[in-house]
Amino acid sequence: MICYEPYTCAFCPARYKTRTDLQEHRKMHRGFYPFRCELCIKKFLFQDQLKTHMEREHDERETINQNVVAEILDIVQLNAC
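Residues numbered from 1 in each chain as written. Predicted model: local features only at pLDDT ≥ 70, side-chain atom pairs only at ≥ 80, totals over all residues. Heavy atoms only, no water.

Re the overall build of the protein
Condition: What counts as a helix is a DSSP run of H or I of at least four residues, what counts as a strand is a run of E of at least two, and both are numbered from the N terminus. A 1.4 Å probe rolled over the protein chains alone gives each residue an accessible area, and that area as a share of the maximum for its type sets the label: buried under 20%, exposed over 50%, partly exposed in between. In short, Shrake-Rupley with a 1.4 Å probe defines the accessible areas, and a residue's cover is counted only from the protein chains shown.
The secondary structure content of the protein amounts to 3 helices and 4 strands. For the protein, the N- to C-terminal ordering of α and β elements is β-β-α-β-β-α-α. The burial tally for the protein puts 14% of its 81 residues in the buried class. Summed over its atoms, the accessible surface of the protein is roughly 7100 Å², and 55% of this surface lies on carbon and sulfur atoms.

Some words on the pattern of salt bridges
Cut-off, in case you're wondering: Here a salt bridge means any side-chain nitrogen of Lys or Arg lying within 4 Å of a carboxyl oxygen belonging to Asp or Glu.
For the coordinates displayed, the defined rule picks out 2 salt bridges. The residue Arg 36 makes a salt bridge to Glu 38 at a minimum N-O spacing of 3.4 Å. Judged by its relative accessible area of 44%, Arg 36 is partly exposed. Residue Glu 38 is classed as exposed on the basis of its relative accessible area of 58%.

Considering the side chain of His 25
Rules: We define a polar contact as two N or O atoms separated by no more than 3.5 Å, with the added condition that, inside protein, one atom must be a possible hydrogen donor and the other a possible acceptor, whereas residues neighbouring each other in sequence contribute only through side-chain atom pairs. Whether two residues are in contact is decided by their heavy atoms, any of which lying within 4.5 Å being enough.
As for its position among the elements, His 25 is in helix 1 (residues 19-29). Looking at His 25, the relative accessible area reads 10%, which means it is buried. Within the structure, the side chain of His 25 is placed 3.1 Å from the side chain of His 29, a separation counted as a polar contact. Residues within four places of His 25 in sequence aside, it is in contact with Cys 9, Cys 12, Ala 14 and Tyr 16.

A closer look at the side chain of His 53
Counting through the fold element by element, His 53 comes out in helix 2 (residues 47-57). Side-chain polar atoms of His 53 contact the side chain of His 58, separated by 3.1 Å. Excluding its chain neighbours within four sequence positions, the residues that come into contact with His 53 are Cys 37, Cys 40, Lys 42, Phe 44 and His 58.

Side note on the UniProt feature "domain: C2H2-type" (unreviewed entry) in the protein
Note the threshold: UniProt positions are given in the numbering used here, feature names are shortened, and annotations may be inferred rather than shown by experiment.
The residues that UniProt annotates with the feature "domain: C2H2-type" (unreviewed entry) are residues 7-34 and 35-63. The span residues 7-34 is 39% helical and 14% strand by assignment, and the distance between its end C-alpha atoms comes to 24 Å.

Digging into the state of the cysteines
As a reminder, the rule being used: For the purposes of this analysis, a disulfide is any pair of cysteine sulfur atoms at a distance within 2.5 Å.
This model, assessed by the stated rule, comprises 0 disulfides. The cysteine Cys 9 is free of any disulfide, with Cys 12 supplying the nearest cysteine sulfur at 3.8 Å. Taking relative accessible area as the criterion, Cys 12 reaches 25% and is therefore assigned partly exposed.

A few points about the environment of Gln 47
When you line up the elements, Gln 47 lands in helix 2. Along the backbone, Gln 47 and Pro 34 are 13 residues apart, and their C-alpha atoms lie at a distance of 8.4 Å.

This is the structure in structure tokens:
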């Protein structure tokens, strides 16, 4: 079986079957990472990548602690005005 992937990335050897897949891939080369982890500095191209990161790298307690800190900072900033 011959694998036909006519869409080739101009920046790397990646090849794709559809133009849409190639366009999604090009976002990575342009630095387009719209999904950001709120607990660390990592960014992701797709939401499911962020979800996997959260499950593997940050446990539920860390997320709760981060949310508590954010709420405290909001209160402090409101009282400073």
